[in-house]
Every structure is written in C-alpha cells, then in structure tokens.
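Coordinate analysis (summary)
Here's the letter readout for the chains.
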Amino acid sequence: MSEQLSADFVVIGSGIIGSLTALKLLKQGGSVVILEAGPRVNRGQIVARFRNSPRKGDWMSPYPSVPSAPHPIYQPKDSGYLVQAGPYPYPAEYIRQVGGTTWHWAAQAWRVVPNDLRIKSLYGVGVDWPMTYEELDPFYQEAEEIMGVSGAPDTGSPRSKPFPMEPVAETWAMRRFRERLAPGGYEVVANTTARNSRSYDGRPACCGNNSCQPICPIDAQYHGGLAAEAAEAAGAKLIPNANVYKIEHDAQGRIVAALYYDPDKISHRVTGKTFILAANGIESPKLLLLSSSDKYPHGLANSSDMVGRNLMDHPSTSLTFYAEEELWLGRGPQSPSSINTLRDGAFRSEHAAYRLDFTNISQVLASTQALIAEGVYGPEFEKQLRYRAAHQVNVKNVLEVLPNPENRITLSDQKDAMGIPKPQASYSIDEYTRRGAEASKADFARIAELMGGSDLRYSAEGNFANNQHITGTMGMGNDPKTSVVDGFGRTHDHENLFIVSTGVMPTAATCNSTQTGVALALRTAQHILEQFNVRTPAPATSKS
C-alpha cells in the first residue's frame, strides 16, 4: 500500500454535488481531499469526441468507460456493467470522471413543489421528508446563484428571492406551443435551467448550439467540471483515477479511512476526520455494501437494511406527431419549455403526478433514419425530410415514482476489470405510475389537437423511457429503522460519515433531481461546519 494521505474532510466523488460540497467546506477553512474514480477530461476533448462520433444520438458516446472505473455503456452494445435483475430494465446512464454526469445533462435545475415534501401526510402515499420546503428554500437559492440558474417564476415552486437571471430567449417553436395551447388551458413556461441567458460568472450566454446533451461546447450551462475546477482553485486536493473500493471504520463505528485502487490496482489509503460520500444513487450504495465487516456484516450505514432500497427515477411515455405549421425544432436549447400544472393535486392519492416536457432537439437525424428504414430515396426522400424535420414534434410526461423497497441496488456476483463486484439493479414500475401515464394520454391527445396534429404516434403500450434521474437508495428520515441518513445527511450508524447525493431524497417528485441534490448538499455542508464550530450563517431570505 502506498503512502497515506490525510485531510479534515474526505469527499468521495467529484461530481457537481461532491465538488460544491467541498467548495463550501473550503471557504470556512480546513483541508479537503476529493477522490474521483475516473479520469480527468476537458471540454475540448469531449467536444471533439462528439464531433467525431458516428452516433450523434448516443449521449454517452463522448464519454467512454475506462477499465479502472467502468460506467454503464449501452451503444453499440451493452457493456454489462449495470447488471439487470428485472423485472423491468433500468438502463441508467452516468459518467465516472472528474466532474461527473452533469457534463452531459440538459441543465434542468428544478425545485420541488412544497407538497412534494409531505405527500404521505397529504395524499397517503410515499413518505414525508424530514424538513419543510421553507427550510430548503435558502439552499435552493444558494445553489441557483452558484450555478447561474435562469427561469420563470410561475412553475409552482415558490421562492423568497428572484432567479439570478431571466430565462434564455424563447424559441419560435416553444412560442407557438405557448400561444396555441393557452386556449386549451395549458400554460407553457420556460424551464428552470442552469444555463446562462446573459454573461454570468465568466461564462457566456447560450447561443443555441442545440447540443446541451451531450456537451455544451461553450460552457453556457453549468456542470460538475466547473464545480470541480472551482473546488481545486479554492484548495482542494483532487485525486483522479482513485476508485474507492472500501471505507474503513474503528471499533466505535467511526469512519477512519477510504481505500482506493489506482489504474494499476495499487491500493492507497486516505484518512480523515469527516467523510462525505458524494457518488450517485448507484455507486454510493454499492460502496457502502462493499464496505462490510465483522461489525457491519450487511455493509456500512445499513442497520436499517435500507441501503440500496427505494431506487427511483422518472419514467416517461410520449407522443410524436406532425404539427400543422412549420416549427423547425433544433434552434436553441434542447429542452426549453414545459407544462407544470400537473405536478400536484388531490389526484396524487390515486395516480402519479407529472410534468409535460417539450423536446426541441433537431428532427433531421431522426427523420433521416426513419426514411432510410422505410426505404424512401431520391426526390421523395428530400421532400419527406424537409416536411418531417419542419413539422415533427414530441411531448413526453415526466412521471412521479413512489419509493418501493424492492426497487433496489445490490452487489452482483459479477466483477469488473478491477475485481470489484458490479452493481445490480432490481426495478419495476408500479400501478401508481402506470395510472399516471394513462391519465397523461388525454393531455397528449388534446395538445396534438390544439397544434393541428396529424399522424399521432404514441410510445408503445407499457414501454417507458428512462430519464436518468437516479434518486433514492439512501433515503433520509428521522427514524433510523426506516432510513439511512438523518435530515442533514449524517448516517444514523456513523457519526462522521455524511452522504450528499440525489440518493438521499426520500421521494422523486416530478422534477430532475440535481438541483435538489445540490441544495441538500449545501445544507449538509453548513451543518458540518456548525458541528465543527465553524459558524456560517444560513443564506438570507427575504419576504416576497
């Protein structure tokens, strides 16, 4: 084993959540080491890979997996890293490299709605959160100001301060959706995104490249690479290619070290006073389960047997059709607008809530592939391509999923190239979510009618797309028997082990999970500082 490193705070994971947690801890003093399983990559490399990729619709193509820190890859074939135990497939995509998965996100930075935090009390489903929306509000604001979030105020999520900036300019297609759907009672609003509508924090405004996924080529949208860079600039020691395979504890259950392999499988040991697990909702429970011992035979932080359980995401069904007017999707951000009025209501006692999200991805590639598959060539190909690319549109639902202990991450008996067990996903989609999908069909049909739609193509019955919003698996709560961490992210079983991740969210709600994960992490970082008598006031709120 190599020479040992030590720090006041050891952060495992350099994604947007881990890096921003480290940055906040550094601003109040103390030393920080960040351990990242994957390699360093810069924006220029990623853009070049995207340009050279023959699979422009595969958003993982610019992010190849490395043997020392593999991640799920599905094209041109499944790498088999995330083992599927069924009964429904869960093809999660995430990136193990410095900066994490938000290198290729759509930058949607939503807040939950207040009732999302008490759906058990209000609707008799799911679980309540161990905090109120009002307690989370200042940390949402802090996250938005760091990332540079733009948005419209009328999304159902109240705020005590305005957004850092106004939304990115509305595209023509989204303007026409807004205008034509309003008479039908559908309010189309700008999505809340960590994307600049003007110069902000040294980064330029969005110029409409329409490649937000897999990479913004100009850094107009915030991502974990920028967060990691800021943490290092503030003094963090970030070690790439450091695949943590075990967390050690002492006789009292305090965490004392993290062990990692470098690419040559040489083991290194990092000690510290406080440990922060900041990997995602798959890799974090995997590591906790890997760290079993005589004292903790079922893994760390797992006296409740809840580590890995309650895996959630946001399944989607969709409708594709031809609008009667030319809309030419593909100008501006890929996902700029949505309908938010179905995120909450008494119906949640019966079926899932959902958002309705409009794509703005260019239809040229999809239309070309479809025409070739149909055997259309020559002048007719050109005619059809022009029509389809101009008129084809898509609307999808983003469905709520309730926590289910049987939806879970466990350790597979298969091992990766480093000899570490692979994660295994057991997943299903329950009737609550399926009833929500069924309810949304009436909205799909009405939207198509209002847009003068033709050739309506619903996604196949019973088929759900995955939105890659990995949530749950290490849920927070006040009861150590039913949760993994408390309301501040401290594990119930280990006083100096905290978890910052979308995996601590007790429920998934209807919105992308990153912004909430960041807000919870900033709240955890403040709590840690206060526990160490490093006082920093909560971000101030003002009355609206």
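These notes cover the structure that comes with them. (Residues numbered from 1 in each chain as written. Predicted model: local features only at pLDDT ≥ 70, side-chain atom pairs only at ≥ 80, totals over all residues. Heavy atoms only, no water.)

**Description of the overall build of the protein**
- The helix and strand inventory of the protein stands at 11 helices and 18 strands.
- For 544 residues, the compact-globule formula gives about 24 Å, and the C-alpha radius of gyration of the protein, at 23 Å, lands near that figure.
- Within the protein, the fraction of its 544 residues that count as buried is 60%.
- Within the protein, contacts between residues at least 6 apart in sequence are counted, and of these 73% link residues at least 24 apart.
- Distance between charge centroids for the protein: 3 Å, based on 52 positive and 56 negative side chains. (Helix = DSSP H or I, 4+ residues; strand = E, 2+ residues; numbered from the N terminus. Rg over C-alpha atoms; globule rule 2.2 N^0.38 Å. Buried < 20%, exposed > 50% of the residue type's maximum accessible area, 1.4 Å probe, protein only. Contact = heavy atoms within 4.5 Å. Lys, Arg positive; Asp, Glu negative; His and termini not counted. Charge placed at Lys NZ, Arg CZ, Asp CG, Glu CD.)

**Structural notes on unusual backbone geometry**
- Each neighbour pair has its own omega, and for G86 with P87 the value is 5°, a cis peptide bond.
- Its location among the elements puts P87 in strand β3 (residues 83–87).
- A cis geometry characterises the amide bond from Q213 onward to P214, with omega recorded as 15°.
- Within the fold, P214 resides in the loop between β4 (188–190) and α6 (224–233).
- Backbone geometry at D305 places phi at a positive 60°, although glycine is not the residue there.
- Tracing the backbone through its elements, the reader meets D305 in the loop between α7 (283–290) and β9 (315–316).
- Positioned with a positive phi, N310 is a non-glycine residue whose angle comes to about 65°.
- Mapped onto the elements of the fold, N310 is located in the loop between α7 and β9.
- The buried category is assigned to N310, whose relative accessible area is 16%.

**Describing the side chain of N512**
- Here N512 shows up in the loop between β18 (497–499) and α11 (514–531).
- With relative accessibility at 11%, the residue N512 sits in the buried group.
- For N512, the side chain forms a polar contact with the side chain of R355, separated by 3.2 Å.
- Residues in contact with N512, not counting those within four places in the same chain, are Q108, W110, H314, R355 and H469. (Polar contact = N/O pair within 3.5 Å; in protein donor to acceptor, adjacent residues only side chain to side chain.)

**A word on the sheet that holds strand β14 (residues 408–415)**
- Spatial ordering of the open sheet is given by β3-β15-β14, a layout of three strands whose pairing is mixed. Strands at the two margins of the open sheet, each flanked by one partner only, are β3 and β14. Sheet twist, expressed as the average angle between the axes of neighbouring strands with direction ignored, equals 30°.
- The sheet contact formed by β14 and strand β15 (residues 421–427) spans five bridges and is antiparallel. Bridge pairing in β15 places I409 opposite A425.
- Contacting β14 and β15, α7 crosses the sheet at an angle of about 65° to β14. (Pairing = 2+ DSSP bridges. Axes fitted to C-alpha atoms, helices over the stretch in contact; angles between N-to-C directions.)

**Some remarks on the sheet that holds strand β13 (residues 392–399)**
- If you trace the six strands from one edge of the open sheet to the other, you get β4-β11-β12-β13-β10-β16, paired in antiparallel fashion. The strands lining the two open edges of the sheet, one partner per strand, are β4 and β16 (454–458). Strand after strand, the sheet turns through a mean of 25° between neighbouring axes, direction not considered.
- With five bridges joining them, strand β10 (residues 318–322) and β13 adopt antiparallel strand pairing. Looking across to β13, one finds that L319 is bridged to V395.
- Its contacts with the sheet put helix α10 (residues 431–450) on β10, β11 (337–339), β12 (354–358), β13 and β16, and the angle it makes with β13 is roughly 150°.

**Remarks on the packing of helix α4 (residues 133–147) against α11**
- It is the contact of α4 with α11, at a shortest axis distance of 8 Å, that shows an interaxial angle of 110°. Between α4 and α11, the angle falls in the class roughly perpendicular. Note on element contacts: α11 touches α4 through Q515, T516, V518, A519, L520, L522, R523 and Q526, opposite E135, L136, F139, Y140, E142, A143, E144, I146 and M147.
- The residue inventory of the contact of α4 with α11, partitioned by class, reads 10 nonpolar, three polar and four charged. (Parallel < 35°, antiparallel > 145°, perpendicular 65-115°, else oblique. Nonpolar A, V, L, I, M, F, W, Y, C, P; charged D, E, K, R; others polar.)

**Structural notes on the environment of R343**
- Structurally, R343 can be placed in the loop between β11 and β12.
- Residues R343 and L356, 13 residues apart in the sequence, show an inter-C-alpha distance of 9.2 Å.
- At 3.1 Å, the side chain of R343 and the backbone oxygen of T155 are in polar contact.
- Engagement of the side chain of R343 in a polar contact is seen with the side chain of T510, the distance being 3.2 Å.

**Brief notes about the nonpolar core**
- Formed by 81 residues in total, the largest nonpolar core has its most connected members in I16, V32, L35, M147 and L288.
- Core analysis: the next-biggest nonpolar cluster, separate from the first, contains 39 residues, L82, Y94, M174 and F321 among them. (Core = buried A, V, L, I, M, F, W, Y, C linked by side-chain atoms within 4.5 Å.)

**So, the packing of helix α1 (residues 16–26) against α6**
- Their axes nearest at 8 Å, the elements α1 and α6 cross at an angle of 25°. Here α1 lies roughly parallel to α6, going by the angle between them. The chirality of how α1 crosses α6 is left-handed. Residues I16, S19, L20, A22, L23 and L26 of α1 form the contact with α6, whose participating residues are G224, A227, A228, A230 and A231.
- Grouping the constituent residues of the contact of α1 with α6 by class yields nine nonpolar, two polar and no charged. (Left-handed = near helix turned anticlockwise from the far one by under 90°.)

Limitation: the analysis is restricted to geometry and does not speak to function.
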